[in-house]
Amino acid sequence: KAGVTQTPRYLIKTRGQQVTLSCSPISGHRSVSWYQQTPGQGLQFLFEYFSETQRNKGNFPGRFSGRQFSNSRSEMNVSTLELGDSALYLCASSSQTNTGELFFGEGSRLTVL
Amino acid sequence: GDSVTQMEGPVTLSEEAFLTINCTYTATGYPSLFWYVQYPGEGLQLLLKATKADDKGSNKGFEATYRKETTSFHLEKGSVQVSDSAVYFCALSESNAGNMLTFGGGTRLMVKP
């Protein structure tokens, strides 16, 4: 069974640009969550989508957005990039919501110059 | 808001030593508690969980008991191996909060042969 796949794995952007990250969950999983991991702030919840609906949103500015498609694949977008957005962005999938039992991808490492 | 506090690392042990990684939490409700592990070069993996007071989660020789009276969920293993070298994250999830996890800062464990 294939795991959670995130693309791209690495990317470099400049301030002011926007970026779109993609996540393919484990087959059959309907919940996709996104987390930001940085050395200073650790792991922080961005949002969760379940059956194409945003279930929850973390404490991030509106520049961070996401969506989920009917095949459960998800994308997150960050507009007007800032230096502080440099981070590892982790996607996690789960068969259900409200379980906390997440399967994580290896992440997309974003560097903002 | 909710928070999770873990002992700072790195924790360095010799093979076959006893391991304890402390974790305490603050929550508004009655959360489920988790330990996730991140091996070098891999994504986060669920190690164990507990959903109610006095529950003991266990997996791969690791154990943790949900202590509501002390708001703690300490991770223990009787005899560590070199292959246990990883970063360990304690996390909580409030009921009906979807798959939104609040993570601790992580504790790096290094096991020497």
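In this report, the structure presented in the accompanying data block is examined. (Residues numbered from 1 in each chain as written. Chains lettered and ligands numbered in written order. Predicted model: local features only at pLDDT ≥ 70, side-chain atom pairs only at ≥ 80, totals over all residues. Heavy atoms only, no water.)

## Quick notes on the pairing of strand 1 (residues 3-6) of chain B
All names here are of chain B. To keep it simple, the criterion reads: Each residue is assigned to one of three classes by its accessible area relative to the maximum for its type, calculated with a 1.4 Å probe on protein chains only: buried under 20%, partly exposed between the two thresholds, exposed over 50%. Note on conventions: DSSP H or I runs of at least 4 residues are helices, E runs of at least 2 residues are strands, and numbering of each starts at the N terminus. Paired strands, as defined in this entry, are two strands with at least two bridges between them according to DSSP.
Where burial is concerned, the two faces of strand 1 differ: the one with V4 and Q6 is buried and the one with S3 and T5 is not. As judged from the four bridges shared by strand 1 and strand 4 (residues 23-26), these two strands associate in the antiparallel manner. Within strand 4, the residue paired with S3 across the bridge is T26.

## Some points on the sheet that holds strand 3 (residues 19-24) of chain A
Residues and elements named next belong to chain A. Counted only if it meets this: Note on method: axes are straight lines fitted to C-alpha atoms, helices fitted across the in-contact stretch only, with angles between N-to-C directions ranging 0 to 180 degrees.
Reading across from one edge, 1-3-8-7 is the order of the four strands in this open sheet, with antiparallel pairing throughout. Here the strands that pair on one side only, and so sit at the sheet edges, are strand 1 (5-7) and strand 7 (64-68). The average undirected angle you get between the axes of adjacent strands in this sheet is 15 degrees.

## Brief notes about the nonpolar core
Formally: Definition of nonpolar core: a set of buried residues of the types Ala, Val, Leu, Ile, Met, Phe, Trp, Tyr and Cys, connected through side-chain atoms within 4.5 Å. Should any heavy atoms of two residues lie within 4.5 Å, those residues are counted as being in contact.
Counting 26 residues, the largest nonpolar core has L19(B), W35(B), L47(B), L48(B), F73(B), L75(B) and Y88(B) as its most contacted members. Elements that contribute at least two residues to this core include exactly strand 2 (11-14), strand 3 (19-21), strand 4, strand 5 (32-38), strand 6 (44-50), strand 8 (62-65), strand 10 (86-93) and strand 12 (107-112) of chain B. Looking at which element gives the most residues to this core, the answer is strand 10 of chain B, with four residues. With near-sequence residues (within four places) excluded, L47(B) lies in contact with W35(B), Y36(B), V37(B), N59(B), K60(B), F62(B), L75(B) and Y88(B). L11(A), V32(A), Y49(A) and A87(A) belong to the second-largest nonpolar core, a separate cluster that totals 21 residues.

## Structural notes on the state of the cysteines
Under the convention used in this document: In plain terms, two cysteine sulfur atoms within 2.5 Å form what is called a disulfide here.
Throughout the structure, instances matching the rule amount to two disulfides over all chains. Disulfide partner of C23(A): C91(A), at an S-S distance of 1.8 Å. Classification of the bridge connecting C23(A) and C91(A) rests on its S-S torsion, roughly -65 degrees, and on that basis the disulfide is left-handed. In this pair, C23(A) sits in strand 3 while C91(A) sits in strand 9 (residues 87-94), placing the two residues 68 residues apart along the sequence. Each disulfide pairs two cysteine sulfurs, and for C23(B) the partner residue is C90(B), the sulfurs being separated by 2.0 Å. Judged by the sign of its S-S torsion, about -70 degrees, the bond between C23(B) and C90(B) is left-handed. Of this pair, C23(B) sits in strand 4 while C90(B) sits in strand 10, and the two are 67 residues apart along the sequence. Accessibility assignment for this pair places C23(B) and C90(B) in one class, buried.

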